[in-house]
Amino acid sequence: VLVICCMVSFSSRLFAVIRFESIIHEFDPWFNYRSTHYMSEHGFYDFLNWFDDRAWYPLGRIVGGTVYPGLMITSGFIHYVLNSLHFTIHIRDVCVFLAPMFSGLTSIAMFLFTREVWNSRAGLFAAGFIAIVPGYISRSVAGSYDNEGIAIFALMFTYFLWIKSVKTGSVFWATGAALSYFYMVSAWGGYVFIINLVPLHTFVLLLMGRYSNRLFVAYTTFFILGLLMSMQVPFVGFQPIRTSEHMAAAGTFALLNAYAFLKYIQVRVSGRQFRQLFTWAVIFAAGTFALLNAYAFLKYIQVRVSGRQFRQLFTWAVIFAAGFVFLAVLALTYAGFVAPWSGRFYSLYDTGYAKIHIPIIASVSEHQPTTWTSFFFDLHVLVCMFPAGVWFVMRHLTDVRVFVVLYAVSAVYFAGVMVRLMLTLTPIVCVLASICISHTLDSFMKSSSKEESDVTTSRNKAPTHGEEESESTSSKKGGSKAEKRSKRKEKEKEQQESKVLYDRNATKKSSEGEQFSGFNISSIIVLVFMMFLVLFAVHCTWVSRSAYSSPSVVLASTNPDGSRLILDDFREAYYWLRQNTGDHTRVMSWWDYGYQIAGMANRTTLVDNNTWNNSHIALVGKAMSSPEEKAYEIMRMLDVDYVLVIFGGMIGYSGDDINKFLWMVRIAQGEHPNDIQESNYFTPQGEFRVDSGGAPTLLNCLMYKLCYHRFGEVQHGYNTPHGYDRTRNVEIG
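Computed from a predicted structure; not experimentally measured.

How each quantity is defined
Residues numbered from 1 in each chain as written. Predicted model: local features only at pLDDT ≥ 70, side-chain atom pairs only at ≥ 80, totals over all residues. Heavy atoms only, no water. Axes fitted to C-alpha atoms, helices over the stretch in contact; angles between N-to-C directions. Helix = DSSP H or I, 4+ residues; strand = E, 2+ residues; numbered from the N terminus. Parallel < 35°, antiparallel > 145°, perpendicular 65-115°, else oblique. Contact = heavy atoms within 4.5 Å. Nonpolar A, V, L, I, M, F, W, Y, C, P; charged D, E, K, R; others polar. Pairing = 2+ DSSP bridges. Disulfide = S-S within 2.5 Å. Buried < 20%, exposed > 50% of the residue type's maximum accessible area, 1.4 Å probe, protein only. pLDDT = per-residue confidence, 0-100. Expected span 1.5 Å × (residues − 1). Polar contact = N/O pair within 3.5 Å; in protein donor to acceptor, adjacent residues only side chain to side chain. Phe/Tyr/Trp six-rings, centres within 6.5 Å; stacked < 30°, edge-to-face > 60°. Lys NZ or Arg CZ within 6 Å of the ring centre and 35° of its normal. Left-handed = near helix turned anticlockwise from the far one by under 90°.

(A) Here's a closer look at the packing of helix α9 (residues 148–168) against helix α23 (residues 399–417). For the pair α9 and α23, interaxial distance at closest approach is 9 Å and the crossing angle is 150°. Here α9 lies roughly antiparallel to α23, going by the angle between them. Residues Leu155, Met156, Tyr159, Trp162, Ile163, Val166 and Lys167 of α9 pack against Asp399, Val400, Phe403 and Tyr407 of α23. By residue class, the composition of the contact of α9 with α23 is nine nonpolar, no polar and two charged.

(B) Representation of the sheet that holds strand β6 (residues 604–605) within the structure. Pairing is parallel in the open sheet, where three strands are placed in the order β6-β5-β7. Only two strands of the sheet have a single neighbouring strand rather than two, namely β6 and β7 (642–643). Two strands pair when backbone bridges link them, and strand β5 (residues 586–588) and β7 are joined in this way by two bridges, in the parallel orientation. Across the sheet, the residue bridging to Met588 is Val643, located in β7.

(C) Representation of the pairing of strand β4 (residues 564–567) in the model. In this structure, strand β3 (residues 555–558) lies alongside β4, joined through four bridges in antiparallel fashion. Bridge pairing links Leu555 to Leu567 in β4. The hairpin turn running from β3 into β4, its antiparallel successor, is five residues long, and Gly562 in that turn takes a positive phi close to 95°.

(D) Looking closely at the state of the cysteines. Under the definition given, this model contains zero disulfides. The cysteine Cys6 is free of any disulfide, with Cys5 supplying the nearest cysteine sulfur at 6.9 Å. Exposure remark for Cys6: the relative accessible area of 18% places this residue in the buried category. Distance from the sulfur of Cys707, which forms no disulfide, to the nearest cysteine sulfur (Cys701) is 8.5 Å.

(E) Local environment of the confidence of the model for the protein chain. Looking at the protein chain, pLDDT values average 82 and 78% of them are 70 or higher. Taken together, the stretch residues 497–518 has pLDDT below 50 and engages in eight contacts with residues farther than four places along the chain or on a different chain.

(F) Structural context of helix α30 (residues 614–625). Helix length check: α30, at 12 residues, gives a terminal C-alpha distance of 16 Å against a target of 16 Å (1.5 Å per residue), a fit within 8%. Among the 12 residues in α30, 10 count as buried, and that is most of the element. Among all positions in α30, only His616, Ile617, Ala618, Leu619, Val620, Gly621, Lys622, Ala623, Met624 and Ser625 are buried. Structurally, the start of α30 carries an N-cap: the backbone nitrogen of Ser615 is 3.2 Å from a side-chain oxygen of Asn613.

(G) Geometry of unusual backbone geometry. Looking along the chain, the bond that leaves Tyr57 and enters Pro58 is cis, with omega of 5°. Position of Pro58 relative to the elements: it lies in the loop between β1 (51–52) and β2 (61–62). Located in the positive-phi region is His86, a residue other than glycine, with phi close to 65°. Phi is positive for Arg710, close to 55°, though the residue is something other than glycine. As for its placement among the helices and strands, Arg710 is situated in the loop between α34 (702–707) and β8 (724–725). On the accessibility criterion, Arg710 (54% relative accessible area) is exposed.

(H) Region of the structure containing the environment of Asp53. Along the chain, Asp53 turns up in the loop between β1 and β2. We classify Asp53 as exposed; its relative accessible area is 52%. Each C-alpha atom of the pair Asp53 and His584 lies 10.0 Å from the other, and the pair is 531 residues apart in sequence.

(I) How the structure looks around the environment of Met664. With respect to the helices, strands and loops of the structure, Met664 is situated in helix α32 (residues 657–671). Exposure remark for Met664: the relative accessible area of 0% places this residue in the buried category. A C-alpha to C-alpha distance of 7.2 Å links Met664 and Ser625, two positions 39 residues apart in sequence.

(J) How the structure looks around the packing of aromatic side chains. Enumeration according to the criterion identifies 39 aromatic pairs in this entry. Judged by centre distance (5.7 Å) and plane angle (70°), the rings of Phe102 and Phe153 are edge-to-face. Here Phe102, found in helix α6 (residues 91–117), pairs with Phe153, found in helix α9; they are 51 residues apart in sequence, far enough to count as distant. For Phe102, a relative accessible area of 9% gives the class buried. Grouped by ring-pair contacts, the aromatic residues Phe113, Tyr159, Phe193, Phe403, Tyr407, Tyr413 and Phe414 constitute a single cluster. It is Lys164 that lies over the ring of Trp173; its NZ or CZ is 5.4 Å from the centre.

(K) Main features of the packing of helix α3 (residues 28–42) against helix α29 (residues 594–601). Where α3 contacts α29, the two axes come as close as 7 Å, and the packing angle between them is 40°. One finds that α3 runs oblique with respect to α29. Judged by the sense of rotation from one axis to the other, the crossing of α3 with α29 is left-handed. Within the contact between the two elements, α3 uses Asp28, Trp30, Phe31 and Arg34 and α29 uses Tyr595, Gln596, Ala598, Gly599 and Met600.

Spelled out as structure tokens, the structure:
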């Protein structure tokens, strides 16, 4: 069954290749493909030192120190192995099919994780769910060559190894979890979710009084090895010891060691050992005031503390240690030794923070809050089973299941804040939905089978009148009185049981209906769940085929006769740039298209999807939203040769630059508030209009004039006026 799940997981992601062709999708995957292609040709060390002069002109970009290289290394390794075995394959095909291949591995990781949490039956359900659920397919279809394609496997495999190490207390499993975490760090920035959830699990277990030596061995091994290995990734560097996102792990490590030390003292220290400890504590005390207080405190403990008082002291010591670690992190952050939370993490706790302070983050559609429609669209009936799975897990809590509950609660919150984080919620929803289905089916299918077996057994055991007489005759012939009494009691008990059974069978008209209705209840519930699963499979197939298998660089529509129309304008435009412009031509566009221009047209861009330099992006936004004369000065300063804009008014494409224009204005206003004001692009009534009634500042800016140049001469059909914008449904004139 697990092999079938892996095959289904791979095949369900091939709709994009079947319906279109083997191409790279979206925007970020084009940079990943370009980097992988460079690494496969020049080697890993040249890739780490690669200075990309075609990006962020005139600044450039050091690629090796600004990317998570795990995706490129994985593809390059597979490409090298296949070619070493004389399977000639292009690196592009490896990149296209990498995510579907890893989706099969994710099914295996889900099975292992759920089996440790519940049982093997639930594990098979979880593997089947993750194989086809739209929430995961959306980032792992063929051609979606992005970090998330391999990161979800690394995420779930790390969690599996972590709970395995907690259950066994084995250094081997904890080391495996650290190695898997290292791969996750090299692959995706979402590794921060692991390095915060694992310490949270450890901290909650301490609060619940579930401390054990197994937990101590698992966490200390995982933290030390994971910390050292994660710092070997160039892009991460010293962040694990200098940024606030990692301080929870370090604080939990210190707290766990303090807790273990106090437990050791509580159990092992005798009077003589305590005097030695007292002596060493005095020696290592720093300062006269600290020494005096330490001496008095230890003398008080030595003389007056009883067992109950020691437990209270132990509790307060733990609270004090946690508070001390927290205050130390705050002090180091204020002093500048620890970096504060980044804007992306602030936006997770305040949904309006990015729109006010960092509009470039808020401008990305993936960073918007998730709607209820998206939850049902990506998870379908699993949304309904998810709470029931949480309830079943909480009814029988163990150390491992506490981790599942924490994962579920935190993932639900973050997925509600940002639609992109639906990807981290999907695996735990599949796990808990599989637990719900497995537990329900086990209960009803076992109950129905038990009733049938009880009825069959009782019928076989029911004695006849002749058998009763023969047994009574044989008992009279031999045996002691004690044996006769014991046999008589057994016979009376069997007669009572047989009477009940005979009553059930004798009154068929009254009791058979009860058995029939009980059998029907179990069967109906099983059939209802089977129906839900069938509907879920149909929904997942439809979504993966229609919604998540259409590459953004190739648009598809339907003709009036029902035939399919392919619009390949993106690739044709980039091909025109490649063939008709010089090799060192500099193209100015909005940052959305930077990776595609560099990947397909192989031309120099000013900004791209990396968005590391907000000031440079704001300068491009200022040029786009300024009048032609001011925009020309900015473009001359930046040595721009061509300006690329995307306009969808001709065909009704809603993802064009006019619909993105207000974000250009907001980002430019953040850096140039004296030159750009968002209110100037609205009418006095507060409307954003692109027709003749629009604001003069909008009608005279560079973006508007490039998109609507001579558009008034265009007529789409006899029933539409000249200059009709199909996207915004207005007449430009």
